[in-house]
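Chain and residue survey
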Amino acid sequence: MTLAERAAHLTEKMDDPACSEQTLRRTYARFALVNLAVARWRRVYRRYVRPELADVARAGRTLRLLDVGCGGGDVLRLLVRAARRDGFRTEGVGIDPDPRAIDAAKPAPHVRYRRAHSRDLVRAGERFDVVVSNHVLHHLSAPELSGLFADSAELGERISLHSDIARGRLAYAAFAIAAAPIAPGTFVHADGLTSIRRSYTAAELATVVPAAWRIDRPAAFRLLAVHRGAAGARVPRSALGVN
């Protein structure tokens, strides 16, 4: 096993339509802990999302936030809670093409879930202030990845943020150890290691994003593909504290 190249041929257990539904639901539930520990969405919220909230609030309207491939919905719920705790009117929509994910997504105030692809929303003429995804990029084929970036640029009027793992030996070793205690009865450990092997390095991801996008490193072992729409707040990069 080597991490020098992407193992794009691998598949995750939870992507198997015949996998155990009970194990899958436990996996979605456990993702809330995993994402809280590794995905650093609170930091992303402070540095990228909150400036957009403040800008929208000055316009006197409610901010709309879209989570593409929302899974169990924990990232969407975290972002909406953080925004409303800061006093901003915010509504979240989570979409996922897998009905099992929508069934597992927990309800929450000001959040709703839909079984849909991002292209469905583009065709319907929908628009959002902020578009996000978490651990989606490494699942997609090259055409699907291009489609997601194109759809996000249309849907996200202010900013689009696609977060994923930065592939590397240290990330793999750290997850192998840290995930073990919370993984029993789920696909978290096996699929997490597979995800790291399928993920990009910063240099690799930079070669596949469109020209209008940039790649940031918001935290250790993390990559963030960022696109600013025409309405986005122009926050200086030095104020974001990112690469």
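Labelled according to an unreviewed UniProt entry, the chain appears under the name Methyltransferase domain-containing protein, originating from Candidatus Microbacterium stercoravium.

As a further point, take helix 6 (residues 142–155). Look at helix 6: 20 Å from first C-alpha to last across 14 residues, which is about the 20 Å you get at 1.5 Å a residue. When helix 6 is considered as a whole, its buried residues turn out to be L145, L148, F149, D151, S152 and L155. Seen end-on, helix 6 carries its buried residues on one side only, within an arc spanning 165°. Summarising the geometry of helix 6, the exposed residues directed more than 90 degrees from the buried face are A142 and P143. Considering only its buried residues, helix 6 is in contact with strand 1 (63–68), helix 5 (118–123), strand 4 (128–134), strand 5 (156–165), helix 9 (202–208) and strand 7 (222–228).

With that settled, consider the pattern of salt bridges. The final tally for this structure, using the stated rule, is 14 salt bridges. Between R61 and D129 there is a salt bridge, and its shortest N-O distance comes to 2.5 Å. Within this pair, whereas R61 is found in the loop between helix 2 (41–58) and strand 1, its partner D129 is found in strand 4, the two being separated by 68 residues in sequence. Of the residues examined, R61 reaches a relative accessible area of 36% and is grouped as partly exposed. With a relative accessible area of 2%, D129 lands in the buried category. The salt bridge partner of E126 is R64, with a shortest N-O separation of 3.5 Å.

Basis of the calculations
Counting restarts for each chain: residues are numbered from 1 in the order of the written sequence. The predicted origin of the model limits local features to residues at a pLDDT of at least 70 and limits the giving and counting of side-chain atom pairs to 80 or more, whereas totals for whole chains, interfaces and linings rest on all residues. With hydrogens and water excluded, all non-hydrogen atoms of the structure serve as input to the side-chain values. The helix count covers DSSP runs of H or I at least four residues long, the strand count covers runs of E at least two residues long, and both are numbered beginning at the N terminus. Helix span, expected: 1.5 Å multiplied by one less than the number of residues in the helix. Each residue is placed in one exposure class: buried if its accessible area under a 1.4 Å probe, protein chains only, is under 20% of its type's maximum, exposed if it is over 50%, and partly exposed if it falls in between. Working definition: the arc comes from the directions between the helix axis and the C-beta atoms, pointing outward to the latter. Residues are treated as being in contact if the distance between any of their heavy atoms lies within 4.5 Å. Here a salt bridge means any side-chain nitrogen of Lys or Arg lying within 4 Å of a carboxyl oxygen belonging to Asp or Glu.

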